[in-house]
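Residue-level structural notes
Chain by chain, the residues run as shown.
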Amino acid sequence: MNTFLEALAGQAETLVNGLVALAGGLVVWRLTNWSRDRADRQTEPATTLERAENPIVAVADVRTSVDLNHRLWERPLEQARFLALIAFAATGAGVHMRVRGRIRAGNLRRYRRRGRAAWTA
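What you are looking at is a predicted structure, and each value in this text was computed from that prediction instead of being measured.

1. Describing the overall build of the chain
- Assigned secondary structure in the chain consists of four helices and zero strands.
- Looking at the chain as a whole, 6% of its 121 residues qualify as buried.
- Of the roughly 10800 Å² of accessible surface on the chain, a fraction of 62% belongs to carbon and sulfur atoms.

2. Describing a nonpolar patch on the surface
- A cluster of nonpolar side chains, namely Leu68, Leu72, Trp73, Phe82, Leu83, Leu85 and Ile86, defines an oily patch on the protein surface of about 700 Å² accessible area.
- Taken together, the elements giving at least two residues each to the nonpolar patch come down to helix 2 (12–73) and helix 3 (76–100).
- Sorting elements by how many residues they give to the nonpolar patch places helix 3 first, with four residues.
- By secondary structure assignment, the location of Leu72 is in helix 2.

3. Some remarks on the confidence of the model for the chain
- Per-residue confidence for the chain gives a mean pLDDT of 80; residues scoring 70 or more make up 81%.
- Looking over the chain, one finds the lowest element-wise mean pLDDT in helix 4 (residues 105–114), namely 59, and the highest in helix 2, namely 87.

4. A short note on the environment of Leu72
- For Leu72, a relative accessible area of 42% gives the class partly exposed.
- Distance in space between the C-alpha atoms of Leu72 and Phe82 is 9.6 Å, their sequence separation being 10 residues.

Thresholds applied
Residues numbered from 1 in each chain as written. Predicted model: local features only at pLDDT ≥ 70, side-chain atom pairs only at ≥ 80, totals over all residues. Heavy atoms only, no water. Helix = DSSP H or I, 4+ residues; strand = E, 2+ residues; numbered from the N terminus. Buried < 20%, exposed > 50% of the residue type's maximum accessible area, 1.4 Å probe, protein only. Areas by Shrake-Rupley, 256 points an atom, 1.4 Å probe, with all protein chains shown as cover. Patch = residues over 30% accessible without salt bridge, like charges linked within 9 Å, V, L, I, M, F, W, Y side chains within 5 Å. Salt bridge = Lys/Arg side-chain N within 4 Å of Asp/Glu carboxyl O. pLDDT = per-residue confidence, 0-100.

Here is the structure:
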(Lines give C-alpha, C1' and ligand atoms only; values in the text may rest on other atoms or scores of the structure.)
Protein backbone atom coordinates (compact mmCIF):
# COMPACT_ATOMS: atom_id res chain seq x y z
CA MET A 1 0.00 0.00 0.00
CA ASN A 2 2.80 2.36 0.81
CA THR A 3 4.38 1.80 -2.57
CA PHE A 4 1.12 2.75 -4.30
CA LEU A 5 0.83 5.95 -2.27
CA GLU A 6 4.44 6.75 -2.93
CA ALA A 7 3.99 6.15 -6.65
CA LEU A 8 0.84 8.29 -6.59
CA ALA A 9 2.66 11.05 -4.74
CA GLY A 10 5.49 10.90 -7.27
CA GLN A 11 3.03 11.26 -10.17
CA ALA A 12 0.84 13.88 -8.44
CA GLU A 13 2.30 16.71 -10.47
CA THR A 14 1.60 14.85 -13.72
CA LEU A 15 -1.95 14.02 -12.59
CA VAL A 16 -2.64 17.63 -11.63
CA ASN A 17 -1.28 18.87 -14.97
CA GLY A 18 -3.49 16.35 -16.79
CA LEU A 19 -6.60 17.40 -14.83
CA VAL A 20 -5.86 21.08 -15.46
CA ALA A 21 -5.43 20.40 -19.19
CA LEU A 22 -8.68 18.40 -19.27
CA ALA A 23 -10.54 21.15 -17.41
CA GLY A 24 -9.10 23.77 -19.77
CA GLY A 25 -10.18 21.75 -22.80
CA LEU A 26 -13.71 21.40 -21.42
CA VAL A 27 -13.91 25.15 -20.74
CA VAL A 28 -12.71 25.96 -24.27
CA TRP A 29 -15.19 23.46 -25.77
CA ARG A 30 -18.08 24.96 -23.77
CA LEU A 31 -17.14 28.55 -24.64
CA THR A 32 -16.83 27.65 -28.33
CA ASN A 33 -20.29 26.08 -28.38
CA TRP A 34 -21.74 29.04 -26.49
CA SER A 35 -20.14 31.49 -28.93
CA ARG A 36 -21.45 29.59 -31.98
CA ASP A 37 -24.96 29.42 -30.53
CA ARG A 38 -24.89 33.14 -29.82
CA ALA A 39 -23.71 33.93 -33.36
CA ASP A 40 -26.47 31.70 -34.79
CA ARG A 41 -29.09 33.48 -32.70
CA GLN A 42 -27.85 36.86 -33.94
CA THR A 43 -27.88 35.89 -37.63
CA GLU A 44 -31.21 34.07 -37.45
CA PRO A 45 -33.43 37.18 -37.80
CA ALA A 46 -31.48 38.37 -40.85
CA THR A 47 -31.69 34.92 -42.44
CA THR A 48 -35.42 34.71 -41.71
CA LEU A 49 -35.97 38.17 -43.18
CA GLU A 50 -34.04 37.23 -46.32
CA ARG A 51 -36.05 34.05 -46.70
CA ALA A 52 -39.26 36.03 -46.30
CA GLU A 53 -38.19 38.57 -48.93
CA ASN A 54 -37.48 35.97 -51.63
CA PRO A 55 -41.13 34.91 -52.17
CA ILE A 56 -42.23 38.56 -52.03
CA VAL A 57 -39.79 39.46 -54.80
CA ALA A 58 -40.87 36.40 -56.82
CA VAL A 59 -44.55 37.36 -56.54
CA ALA A 60 -43.74 40.92 -57.58
CA ASP A 61 -41.85 39.63 -60.62
CA VAL A 62 -44.75 37.40 -61.64
CA ARG A 63 -47.25 40.23 -61.21
CA THR A 64 -45.07 42.51 -63.33
CA SER A 65 -44.82 39.86 -66.04
CA VAL A 66 -48.58 39.32 -66.04
CA ASP A 67 -49.24 43.05 -66.24
CA LEU A 68 -46.73 43.48 -69.06
CA ASN A 69 -48.22 40.51 -70.93
CA HIS A 70 -51.68 42.00 -70.55
CA ARG A 71 -50.53 45.38 -71.80
CA LEU A 72 -48.61 44.02 -74.78
CA TRP A 73 -50.70 41.15 -76.08
CA GLU A 74 -54.15 40.81 -74.59
CA ARG A 75 -55.78 44.02 -75.74
CA PRO A 76 -57.46 44.06 -79.16
CA LEU A 77 -55.47 47.07 -80.34
CA GLU A 78 -52.16 45.35 -79.62
CA GLN A 79 -53.34 42.19 -81.38
CA ALA A 80 -54.31 44.26 -84.42
CA ARG A 81 -50.90 45.97 -84.39
CA PHE A 82 -49.17 42.60 -84.22
CA LEU A 83 -51.17 41.26 -87.18
CA ALA A 84 -50.50 44.46 -89.13
CA LEU A 85 -46.78 44.10 -88.43
CA ILE A 86 -46.86 40.55 -89.79
CA ALA A 87 -48.77 41.70 -92.88
CA PHE A 88 -46.32 44.56 -93.49
CA ALA A 89 -43.35 42.21 -93.12
CA ALA A 90 -44.84 39.71 -95.58
CA THR A 91 -45.71 42.45 -98.07
CA GLY A 92 -42.24 43.96 -97.73
CA ALA A 93 -40.59 40.58 -98.32
CA GLY A 94 -42.73 40.03 -101.42
CA VAL A 95 -41.89 43.46 -102.81
CA HIS A 96 -38.21 42.90 -102.07
CA MET A 97 -38.23 39.60 -103.97
CA ARG A 98 -40.00 41.16 -106.95
CA VAL A 99 -37.53 44.03 -107.03
CA ARG A 100 -34.67 41.56 -107.09
CA GLY A 101 -36.33 39.81 -110.05
CA ARG A 102 -36.88 36.39 -108.56
CA ILE A 103 -40.64 36.54 -108.78
CA ARG A 104 -42.18 37.80 -111.99
CA ALA A 105 -45.86 37.90 -112.69
CA GLY A 106 -45.66 35.18 -115.33
CA ASN A 107 -43.45 32.95 -113.20
CA LEU A 108 -45.72 33.42 -110.23
CA ARG A 109 -48.75 32.13 -112.14
CA ARG A 110 -46.75 29.18 -113.46
CA TYR A 111 -45.49 28.25 -109.98
CA ARG A 112 -48.98 28.46 -108.56
CA ARG A 113 -50.33 26.13 -111.26
CA ARG A 114 -47.65 23.57 -110.44
CA GLY A 115 -48.37 23.86 -106.72
CA ARG A 116 -44.93 25.11 -105.76
CA ALA A 117 -44.19 27.94 -103.41
CA ALA A 118 -43.82 31.31 -105.08
CA TRP A 119 -40.32 31.98 -103.83
CA THR A 120 -38.67 28.76 -105.04
CA ALA A 121 -36.36 29.45 -107.95
